[in-house]
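Geometric and topological summary
Each chain is listed here by its residues.
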Amino acid sequence: MGKIVIIGGGTAGTMIANKLYKTLPVHEWEITIVDPDEKHYYQPGFLFIPFNKKLKDKFVKPKKDYIPKGVNFIVDKVSKLEPARKAVLLKSGQELTYDYLIVATGTKPSVDDTPGLNGPLWQKEAFEFYTYEGAVALAEKLETWKGGRMVMAIVDMPIKCPVAPLEFVFLADAFFTQKGIRDKVEISYVTPLPGAFTKPVATAKLSELLSSKNINIIQDFYIEHVDNEGKKLVSYDEKEVPFDLLVTVPLNKGAEFIQNSGIGDDLNYIPVNKETLQMQQYPEIFVLGDAAAIPTSKAGAVAHFAADVLLENLLDMIEGKEPTAKFDGHANCFIETGFGKAALIDFNYDQEPLAGTFPLPVIGPMSLLKETRLNHWGKLAFEWIYWNILIKGRYLPISNKMSMVGKKISK
Amino acid sequence: MAEKVIAGVTVKVNDEGYMTDPSQWNRDIAVEIAKEYNITLTDKHFAVLEFLRQRVMAGEALTIRRVGSSGIVDIKEFYQLFPGGPLKVSSKIAGIMKPLSCV
Ligand SMILES: Cc1cc2nc3c(=O)[nH]c(=O)nc-3n(C[C@H](O)[C@H](O)[C@H](O)COP(=O)(O)OP(=O)(O)OC[C@H]3O[C@@H](n4cnc5c(N)ncnc54)[C@H](O)[C@@H]3O)c2cc1C
């Protein structure tokens, strides 16, 4: 009997477990998934919790409801990987061996990596919304906050869902407007990047949106520490941004065991072949989702496109063939812009996001890089798709390869 | 793609003036580009430039944090050597493409 171990049962791990279980003969392959957390979170929902705490319960479901019954689910934390022995060590002391391994341990915010962030102001006037608990704490703060200088600051790139902090300020603008206190709130967007976003066409559009909503952008700001007493951010080149309410995206880092096992980069992401998703030295190890060091967005939609490629390549290897499927870095994500509208971007390793339309089967063409109501409904529909199609590994009629159909090439 | 003569050498550059072929680079070119930023290159500068070039040639993505843990400079010194946007500025002087952090 062959053994496949999946580390991490979040978006990517659950999705690939379902796909493998459906594809491989049950009596020939034993599939095991390990994750210390029994709850599955719909992370895109964390963006909305700060503005409406009531939403929180619908974004959490038991992991076991989404993992196929024939797959072993071990609730434990991986403490070390020994790839030379094909062994996975668990915190409880148990050891698993494998023929093929899929690492899908994602990334999470690390508050302690920025001096002063985890200081006296933390969870009082300084927050984050990349975890469930963080988003709920921020919701409680915003319920009673009377206004002042709100600063949304990104500590460093890469972060998962790189548009989420932009969406956060767009939604905050709408939230304070609807509350009738927008004139009492000054919103600033602080980023280490040289602009609102990384790629030129999208940056231009998103900068326009920020200024139309009266949100200041402070770019090239690389946070050195948070001054709790002076309530300000201080950069490495000694610039300062004062705040009354700080919302951060802390440094994002991969799982600790990646560091202990000596297989990751300085942020605990695992370098893999960006097309086949395999580790160079250990071709039997694949990395799926946010844990991979590949030059595309860390997003659920990306993991979804990559999962099809991984499955094909794993099947090739099982049959003793060279893996041939190639991932092109396809990413697409909705950007919630407030007041019931959203924009959409679609891109890959080589092609930056452009304006135009995105041909979505059934729902029809969605507008790229433009605020529309239909895009907002698309974002809401994504939640249903996530729970019912995406992580269950069901077929979604969107190609895993990016298409240029509908994109406007000349400006 | 445009070409430009820097320190007597014709090199390929993109529309922002970043060299697109790192093999065309030499130390005199670095000195010339650094002048645009009013930087006089020291051995420390060159140590950073060599590090950047090595990492990029090895196919790695560069970040300020990564340079800060290189053992050559810490982040603060990196800012002092290349004021403004240290990674953007040093990459231009090192003759490598502008680092694009991925979306
Ligand atoms: C605020 C916010 C908004 C977002 N919006 C969007 C969006 O609109 N669209 C989109 O596509 N994506 C969005 N994302 C990103 C998306 O949620 C992630 O990219 C996606 O969940 C990545 O899947 P993953 O499986 O790689 O990681 P995760 O889903 O985070 O799963 C990782 C799993 O690994 C487990 N794990 C960690 N360490 C260990 C260990 N040592 N041993 C065993 N298990 C371990 C964890 O418990 C977790 O269950 C958003 C994210 C956030 C935070």
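Residue numbers run consecutively from 1 along every chain, following the written order of its sequence. Each chain gets a letter, beginning with A, and each ligand a number, beginning with 1, in the order they are written. Per-residue local features are limited, in this predicted model, to residues with pLDDT of at least 70; the limit for side-chain atom pairs, both in listing and counting, is 80 or more; totals at the level of whole chains, interfaces and linings are taken over all residues. The side-chain figures draw on all heavy atoms in the structure; neither hydrogens nor water molecules are used.

Attention now moves to the overall build of chain B. A count of helical and extended segments in chain B gives five helices and two strands. Starting at the N terminus, the α and β elements of chain B follow one another as β-β-α-α-α-α-α. In terms of C-alpha radius of gyration, chain B reaches 13 Å, essentially the compact-globule figure of 13 Å for 103 residues. Taking the principal axes of the C-alpha coordinates as reference, chain B spans close to 35 × 30 × 20 Å. Relative accessible area decides the class of each residue, using a 1.4 Å probe on protein chains only: under 20% of the type maximum gives buried, over 50% gives exposed, and in between gives partly exposed. The buried share among the 103 residues of chain B stands at 45%. Carbon and sulfur atoms form 50% of the exposed surface of chain B, whose accessible area is close to 5000 Å². Within chain B, one finds 13 positive and 12 negative side-chain charges whose respective centroids are separated by 5 Å. A run of H or I in DSSP counts as a helix once it spans at least four residues, and a run of E counts as a strand once it spans at least two, with each numbered from the N terminus. Just to be clear, the radius of gyration here is over C-alpha atoms, and the globule rule we use is 2.2 Å times residues to the power 0.38. Throughout, the Shrake-Rupley method with a 1.4 Å probe supplies accessible areas, and for residues the shown protein chains are the sole cover considered. Asp and Glu are treated as the negative residues and Lys and Arg as the positive ones, with His and the ends of the chain left uncounted. For this purpose, a charge sits on NZ of Lys, CZ of Arg, CG of Asp or CD of Glu.

Our next topic: the site of the ligand. All names here are of chain A. Near is defined per residue: the residue qualifies when any heavy atom it owns lies within 4 Å of the molecule or strand. As a structural note, the neighbourhood of the ligand is formed by 33 residues, with T11, A12, D35, Q43 and A301 the closest of them. The fraction of the free accessible surface of the ligand (1000 Å²) that becomes covered by protein chains is 92%. Of all the elements in the fold, those that place two or more residues in the shell around the ligand are helix 1 (11–23), helix 6 (300–318) and helix 7 (373–390). Domain start and stop positions are those given by an automatic or database domain assignment. Residue assignment places the shell around the ligand across two domains, with domain 1 (2–108 + 254–318) and domain 2 (110–252) each supplying three or more.

On the side of chain B, 14 residues touch chain A, which itself brings 26 residues to the contact. For the pair chain A and chain B, the two sides together bury roughly 1800 Å², of which 56% comes from carbon and sulfur. Using a 1.4 Å probe, buried area is obtained as the accessible area two parts lose upon being combined, added over both of them. Taken as a group, Y222, Y236 and D266 of chain A account for 32% of the area that chain A buries against chain B, more than any other trio of residues on that side. Salt bridge criterion: a side-chain nitrogen from Lys or Arg within 4 Å of a carboxyl oxygen from Asp or Glu. Across the chain A-chain B interface, the total number found is six salt bridges. D156 of chain A is the salt-bridge partner of R65 of chain B, the closest N and O atoms lying 2.8 Å from each other. Side-chain classes follow a simple rule in which Ala, Val, Leu, Ile, Met, Phe, Trp, Tyr, Cys and Pro form the nonpolar group, Asp, Glu, Lys and Arg form the charged group, and the remainder, Gly included, forms the polar group. Its residues placed into classes, the side of chain A that touches chain B shows 13 nonpolar, three polar and ten charged. Any pair of residues with heavy atoms lying within 4.5 Å of one another is described as a contacting pair.

Before going further, it helps to spend a moment on the sheet that holds strand 1 (residues 2–7) of chain A. Residue and element names in this part refer to chain A. Any two strands between which DSSP finds at least two bridges are classified as paired. Overall, parallel pairing links the five strands, which are arranged 5-2-1-9-21 in an open sheet. At either end of the open sheet lies a strand with only one pairing partner, and these are strand 5 (72–74) and strand 21 (285–287). When the angles between neighbouring strand axes are averaged without regard to direction, this sheet yields 20°. Two elements, strand 1 and strand 2 (residues 29–34), share six bridges in a ladder whose sense is parallel. Bridged to G2 within strand 2 is W29. Angles run from 0 to 180 degrees between N-to-C directions of axes, and those axes are lines fitted to C-alpha atoms, restricted for helices to the stretch in contact.

Turning next to the pairing of strand 1 of chain A. Most of strand 1 of chain A sits out of view: five of its six residues are buried. With the strands aimed away from the viewer, a crossover counts as right-handed if its path from the first strand over the helix to the second runs clockwise. Traced from strand 1 of chain A through helix 1 of chain A to strand 2 of chain A, the parallel crossover comes out right-handed.

Pairing of aromatic rings covers Phe, Tyr and the six-membered ring of Trp, with a centre-to-centre limit of 6.5 Å; geometry is then stacked below 30 degrees between planes, edge-to-face above 60, and tilted otherwise. Enumeration over the complete set of coordinates arrives at 22 aromatic pairs over all chains. Ring centres of Y42 of chain A and F59 of chain A lie 5.7 Å apart, and the angle between their planes is 40°; this geometry places the pair in the tilted category. Taken together, the residues Y42 of chain A in the loop between strand 3 (39–41) and strand 4 (60–62) and F59 of chain A in the loop between strand 3 and strand 4 connect sequence positions 17 residues apart. The exposure classification of Y42 of chain A matches that of F59 of chain A, with both residues buried. Aromatic ring contacts, followed pair by pair, group F51, F129, Y130, W145, F168, F175 and F176 of chain A into a single cluster. Directly above the ring of W387 of chain A sits K61 of chain A, whose terminal nitrogen or CZ lies 4.7 Å from the centroid. Geometrically, a charge over a ring is one whose NZ (Lys) or CZ (Arg) sits within 6 Å of the ring centre while staying within 35 degrees of the ring normal. Against the face of F46 of chain B rests R27 of chain B, its NZ or CZ located 3.8 Å from the ring centre.

This next bit is on the nonpolar core. Most often, soluble globular proteins keep nonpolar side chains buried together rather than apart. What makes a nonpolar core is a set of buried Ala, Val, Leu, Ile, Met, Phe, Trp, Tyr and Cys residues whose side-chain atoms join them at distances within 4.5 Å. With 125 residues, the main nonpolar core has L20, V88, I102, F129, F168 and F176 of chain A as its most contacted residues. With ten residues, helix 6 of chain A is the largest single contributor of residues to this core. Not counting chain neighbours up to four residues away, the residues in contact with V88 of chain A comprise V5, I7, V78, K80, L81, Q94, E95, L96, Y98 and L101 of chain A. Core analysis: the second largest hydrophobic core is formed by 32 residues, M19, A30, V67 and I93 of chain B among them.

Quick look at empty space enclosed by the protein now. All names here are of chain A. Residues are said to line a cavity or pocket when one of their atoms sits within 4 Å of a point; the points come from a 1 Å grid over protein atoms alone, cavities being sets where a 1.4 Å probe fits but cannot get out and pockets being open sets with protein on both sides within 12 Å along at least five of seven lines. Grid points are joined across faces, edges and corners, and a volume is the space filled by probe spheres set on the points. With the rule as written, the count across this model stands at two cavities of 30 Å³ or more. The computed volume of the largest cavity comes to approximately 90 Å³. What lines the largest cavity is a set of 14 residues, among which G289, D290, I294, S297 and V302 lie closest to the centre. Residue contributions to the lining of the largest cavity peak at three residues, all from helix 6.

All names here are of chain B. You can read pLDDT as the predictor saying how much it trusts each residue, on a scale of 0 to 100. Per-residue confidence for chain B averages 91 on the pLDDT scale, and 95% of its residues sit at or above 70. Mean pLDDT across the elements of chain B ranges from a minimum in helix 3 (residues 64–68), with 91, to a maximum in helix 1 (residues 27–36), with 96. Taken together, the chains of this predicted complex give a pTM of 0.94 and an interface ipTM of 0.84.

Residue and element names in this part refer to chain A. Mapped onto the secondary structure, T276 falls in the loop between strand 20 (270–271) and strand 21. Look at T276 and you get buried, because its relative accessible area is 10%. Residue contacts for T276: discarding those within four places in its chain leaves F286, N313 and A325.

So, on to unusual backbone geometry. Residue and element names in this part refer to chain A. In this chain, M157 is followed by P158 through a cis amide linkage whose omega measures -5°. With respect to the secondary-structure elements, P158 resides in the loop between strand 12 (148–154) and helix 3 (164–179). For D220, which is not glycine, the phi dihedral falls at a positive 55°. Checked against the element boundaries, D220 lands in the loop between strand 14 (215–218) and strand 15 (223–227). Positive phi values are uncommon outside glycine, yet F339 reaches one of about 50°. Checked against the element boundaries, F339 lands in the loop between strand 23 (331–338) and strand 24 (341–347). Residue class for F339 comes out partly exposed when judged on its relative accessible area of 38%.

Residue and element names in this part refer to chain A. Judged by pairing direction, the sheet is antiparallel, and its three strands sit side by side in the order 15-16-17 without closing on themselves. A strand with exactly one partner marks an edge of an open sheet, and here the two such strands are strand 15 and strand 17 (240–242). Mean inter-strand twist for the sheet, computed between neighbouring axes without regard to direction, equals 20°. Examined bridge by bridge, strand 16 (residues 232–235) and strand 17 share three bridges and lie antiparallel to one another. Residue pairing in the sheet places L233 in a bridge with V241 of strand 17.

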